[in-house]
Amino acid sequence: MSGIKALGIDVGSTTVKIVGVDTEGKMCWHILEQAEPRVEDQVERFLDHTRQVVGTLDRIPLVATGYGRGLVEQATRSVTEITCHAKGVYREFGHGGTLVDIGGQDSKVIGISPEGKVLDFVMNDKCAAGTGRFLENTASRLKVPLDRMGDEALSVVEEVPISSTCTVFAESEVISLIAHGVPVASILRGLHRSLIKRTVAMIRTVGIVPPLMLSGGVVLNPAICRLLEEETGEKVVLPRYPQLMGAHGAALFALEILNDGSQVS
Amino acid sequence: MEVISVIPRRLDVINKYKEQGGYVAAVLPIHYPRALLRAFNVLPVEVWGPPRVDTSHGATHLQPYICSIVHNTLSFLQMGGLDITDVIIIPHACDSLQGLGSVLLDFVPPDKPIVPIYLPRGRRESDIVFLTREFYAIYQRLEAITGRAPSDADLMKSIRREEGADEVLIKLHQSHSCLPLTDIAFYRLIRSREYLPAETFIELAQAVLAKDIKKPRDGIPILLSGIVPEPMSLLEAISEMGAMVVADDLACCGRRLYPPGRSGDPLRRMAERIIYAPPDPTRGNPIRERREHLLRLIENSGAKGVVFYDVKFCEPELFDLPTLRCELQKAKVPSVTVEVDINDPLSHQTLTRIEAFLEILNERR
Ligand code: SF4
């Protein structure tokens, strides 16, 4: 595909994404894969693949972001995931607001100005309880496929409060609830509520500036969006590619480098 | 300038002082009367943890939500780290330190005296009177421990020496961004005040101040607030990210730039010095004062934003933070909070937060 003018790669802890943009900054190509233990090899493979698509990478700048951004030696520059997510989301919506990104192993809330600049942010990356991993772990205990969890949770009104603040303890609590015959869907709804309450605490730290925008892999789960709206009383808007916002933002920075004519090998 | 290589090592300083017939006090954070101790020939050596010790010893007596400085201090003591000292001074800076004082007095008493210092919370006349009396009680304890009874003239001499050291400390802070020192070298020098005798510190500091002032360093200027810059490699990481610390509101540094006292009464003068030091949540100074102080530092130093680098579970700091950050935001000063455990190495998460914050500042330049 000859339209690719700049690339952004987001090396997250759960997935790795690469996005190509055209001269206008429009996302025109991407790959998304589960993260592999040897990030460098995976990145090299991504770039080989990209080379096959565009012919040569010689004049195509690459900006790296995400947890493993420092491992992308081929990058022209690295930018944090906070700045890249804000950039990607602003490009998609064209307005500011509060971005909530719930990833597999971390979550972040970013306040974005009407001009698309980061105003403030907060990250949770120390505890799995506020991340997608919280749902993943307990889903496997409940033997519910990950992509069915949200629908299952929304299929009931009754929910069981989950009191444990820790993912590991929540798992034990879930086992005990099942043993007491509590319906799985009610447990699932309680688990989602627990994750959302933690997220809302982060949102309040930054301060809600509407609209709420949601990104990250967990967004594919419909219960997350619904419960977040319930808890905050705010409408939540979703980007078209919720998992690619960081990589898209990185690609937009790469495009700026290209347009500035600086440092492109 | 290789200032780090000429700073005497803590253990060497302690041994030398003892060889010359002096006593050594282990002093916990944050405020205490240095001059009073030195008048009794007691060298104060501060204990901010220390970082990276096996905390399993202290964990037996302390709850997990107590900060790592207190956890480490108790563990370090139980592992024999304070054996070399003759007395332990515990200022009641916070509930956690007060709790540690109780643990040491009632449950795991060490084989040396424990001297608590009760600090008043405010700047009223009654606070000065209270602290003066408190210092008199400490005078009596030190008299019993050392068998000495320094006169008012001895106390004044000791005060003048400490005031001299604090004067050069203030000069160092004021000239920070023009000194030929990296941030890490600067803070190694500043923090040597935690254990060097005032006269040795003055010599070192004056040698640095006498060097040609270079043109101001390059980088995004930031103000560092919080308790203690540990691990110190944080400062190198900040430089590598293209920023520089131009001012600080750290409990171990900038909050201890004590002004000279006014009174002719030595104990009262020592009290005045602490009471009128820059605002500090552990001395109960209101957020309004802290806000004004930070804004003044920002204006004088040209800092573009504030990094609050706090120790996890530090109540006095963390209680103030939401309001303080909100106040700064109203004054259009961006800030970020990072919480650390002083045992942890500098983490990727910590660096990402700081780097993202610097990206915000860079955008605004
Ligand atoms: S870090 Fe905070 S809680 Fe811990 S000793 Fe210092 S003031 Fe007290």
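Values in this document were obtained by computation on a predicted structure and should not be read as measured data.

Residues and elements named next belong to chain A. Covered by surrounding structure in strand β4 (residues 62-65) are Leu62 and Ala64 together with Val63 and Thr65, the residues of both alternating faces. Of the pairings in the sheet, the one linking strand β1 (residues 6-11) to β4 comprises four bridges and is parallel in character. The partner of Gly8 across the bridge, within β4, is Val63. Sheet topology places β4 next to strand β5 (residues 77-78); two bridges connect them, and they run parallel. Bridge pairing in β5 links Ala64 to Ser78.

A few words on the sheet that holds strand β3 (residues 87-91) of chain B. All names here are of chain B. Spatially, β2-β1-β3-β4 is the arrangement adopted by the four strands of the open sheet, whose pairing is parallel. On the outer flanks of this sheet lie β2 (42-46) and β4 (114-117), each paired with one strand and no other. Neighbouring strand axes in the sheet, compared pairwise and without regard to direction, differ in orientation by 25 degrees on average. As paired elements, strand β1 (residues 23-27) and β2 share five bridges and run parallel to each other. Looking at β2, one finds that Val27 is bridged to Glu46. Where helix α2 (residues 10-19) meets the sheet, its contacts fall on β1 and β2, and the angle it forms with β2 comes to roughly 165 degrees. Sheet contacts for helix α6 (residues 95-107): β3 and β4; angle to β3, the most-contacted strand, approximately 145 degrees.

Glancing now at the pairing of β2 of chain B. Residues and elements named next belong to chain B. In terms of residue burial, β2 counts as a mostly covered element, since five of its five residues are buried. Side chains Val42, Pro44 and Glu46 of β2 all project onto a buried face; the interleaved residues Leu43 and Val45 project onto the opposite face, where all are buried too. Considered for its hand, the β-α-β crossover made up of β1, helix α3 (residues 34-39) and β2 is right-handed.

Turning our eyes to something else, we now look at empty space enclosed by the protein. All names here are of chain B. Taken as a whole and assessed by the stated rule, the structure comprises four cavities of 30 Å³ or more. Around the largest cavity sit 17 residues that line it, and Cys67, Ile69, Cys94, Ile227 and Cys314 are the ones nearest its centre. Only α5 (68-78), α6 and α14 (315-330) provide two or more residues apiece to the lining of the largest cavity. A breakdown of the residues in the lining of the largest cavity according to their chemical character gives 14 nonpolar, two polar and one charged. The space that makes up the second largest cavity amounts to roughly 120 Å³.

Turning our attention to the confidence of the model for chain A. Low pLDDT marks stretches whose predicted atomic positions should not be read closely. Chain-level pLDDT for chain A is 88 on average; 93% of the residues reach the 70-or-more range. Mean pLDDT per element in chain A: helix α5 (residues 167-179) of chain A is the minimum at 75, and β4 of chain A is the maximum at 98.

The next thing to look at is the layout of surface pockets. Estimated volume of the largest pocket: approximately 1,100 Å³. As for the largest pocket, its lining consists of 33 residues, of which Val122 and Thr205 of chain A together with Arg325, Thr337 and Glu339 of chain B are closest to the centre. Listed by contribution, the elements that provide at least two residues to the lining of the largest pocket are β8 (118-124) and α6 (184-206) of chain A together with α14, β8 (335-340) and α15 (348-364) of chain B. Counted by class, the lining of the largest pocket contains 18 nonpolar, five polar and ten charged residues.

With that out of the way, let us pick up the nonpolar core. Grouped together as the largest cluster of nonpolar side chains are 107 residues, with contacts concentrated most on Phe121 of chain A together with Leu172 and Tyr187 of chain B. It is helix α8 (residues 245-260) of chain A that contributes the most residues to this core, eight residues altogether. Two domains each donate at least three residues to this core, and these are domain 1 (1-78 + 244-265) and domain 2 (95-234) of chain A. If you look at the next biggest cluster of nonpolar residues, it comprises 35 residues, including Leu177, Leu212, Val219 and Ile224 of chain A.

Let us look at the interface of chain B and chain A. Facing 16 residues of chain B, the contacting portion of chain A comprises 17 residues. Summed over both sides, the interface between chain B and chain A buries roughly 1,500 Å², with carbon and sulfur atoms accounting for 48% of that surface. The tally of links from chain B across to chain A stands at three salt bridges. A salt bridge links Glu363 of chain B to Lys117 of chain A; the shortest N-O distance between them is 3.1 Å. Counting across the interface, chain B meets chain A through eight residue pairs in polar contact (both at pLDDT 80 or more). Put simply, the parts of the chain that give the side of chain B that touches chain A at least two residues each are β8 and α15 of chain B. In terms of residue count, the dominant contributor to the side of chain B that touches chain A is α15 of chain B (eleven residues).

Here the focus is the sheet that holds strand β7 (residues 107-112) of chain A. Residue and element names in this part refer to chain A. Taken in spatial order, the five strands make up an open sheet running β8-β7-β6-β9-β10, and their pairing is mixed. Across the chains shown, the open sheet's two edge strands, defined by having one partner strand only, are β8 and β10 (236-237). Pairing analysis gives six bridges linking strand β6 (residues 97-102) to β7, with the strands arranged antiparallel. Directly across from Ile102, in β7, lies its bridge partner Ser107.

Looking now at the site of the ligand. Residue and element names in this part refer to chain B. In the region of the ligand, the neighbouring residues are Cys67, Val70, Cys94, Ser96, Leu97, Val311 and Cys314. Here the ligand occupies the largest cavity. Along the lines of polarity and charge, the residues of the shell around the ligand split into six nonpolar, one polar and no charged.

All right, on to helix α9 (residues 183-191) of chain B then. All names here are of chain B. The buried count for α9 comes to eight of nine residues, which makes it a mostly enclosed element. Buried within α9 are the following residues: Asp183, Ile184, Ala185, Phe186, Tyr187, Leu189, Ile190 and Arg191. Its buried side turned inward, α9 meets α1 (3-6), α8 (152-175), α10 (198-209), α11 (233-240) and β6 (243-250).

Residues and elements named next belong to chain A. Compared with the 22 Å implied by 1.5 Å per residue over 16 residues, the 22 Å span of helix α1 (residues 39-54) between its first and last C-alpha is a close match. Considered for burial, the residues of α1 that qualify are Val39, Gln42, Val43, Phe46, Leu47, Thr50 and Val54. Take α1 and look down its axis: the buried residues cluster within an arc of 135 degrees, on one side only. Buried residues along α1 sit in contact with β1, β2 (15-21), β3 (27-34) and β4. Within two residues after α1, Gly55 carries a phi angle of roughly 95 degrees, on the positive side.

Analysis parameters
- Residues numbered from 1 in each chain as written.
- Chains lettered and ligands numbered in written order.
- Predicted model: local features only at pLDDT ≥ 70, side-chain atom pairs only at ≥ 80, totals over all residues.
- Heavy atoms only, no water.
- Buried < 20%, exposed > 50% of the residue type's maximum accessible area, 1.4 Å probe, protein only.
- Helix = DSSP H or I, 4+ residues; strand = E, 2+ residues; numbered from the N terminus.
- Pairing = 2+ DSSP bridges.
- Axes fitted to C-alpha atoms, helices over the stretch in contact; angles between N-to-C directions.
- Contact = heavy atoms within 4.5 Å.
- Right-handed = clockwise from strand over helix to strand, strands pointing away.
- 1 Å grid on protein atoms, 1.4 Å probe; cavity = no way out; pocket = protein on both sides within 12 Å on 5 of 7 lines; lining within 4 Å.
- Points joined across faces, edges and corners; volume = space filled by probe spheres on them.
- Nonpolar A, V, L, I, M, F, W, Y, C, P; charged D, E, K, R; others polar.
- pLDDT = per-residue confidence, 0-100.
- Core = buried A, V, L, I, M, F, W, Y, C linked by side-chain atoms within 4.5 Å.
- Domains from an automatic or database assignment.
- Buried area = accessible area lost by both parts, 1.4 Å probe.
- Salt bridge = Lys/Arg side-chain N within 4 Å of Asp/Glu carboxyl O.
- Polar contact = N/O pair within 3.5 Å; in protein donor to acceptor, adjacent residues only side chain to side chain.
- Near = heavy atom within 4 Å.
- Sits in = over half its atoms within 2 Å of the grid points.
- Expected span 1.5 Å × (residues − 1).
- Arc of directions from axis to C-beta.

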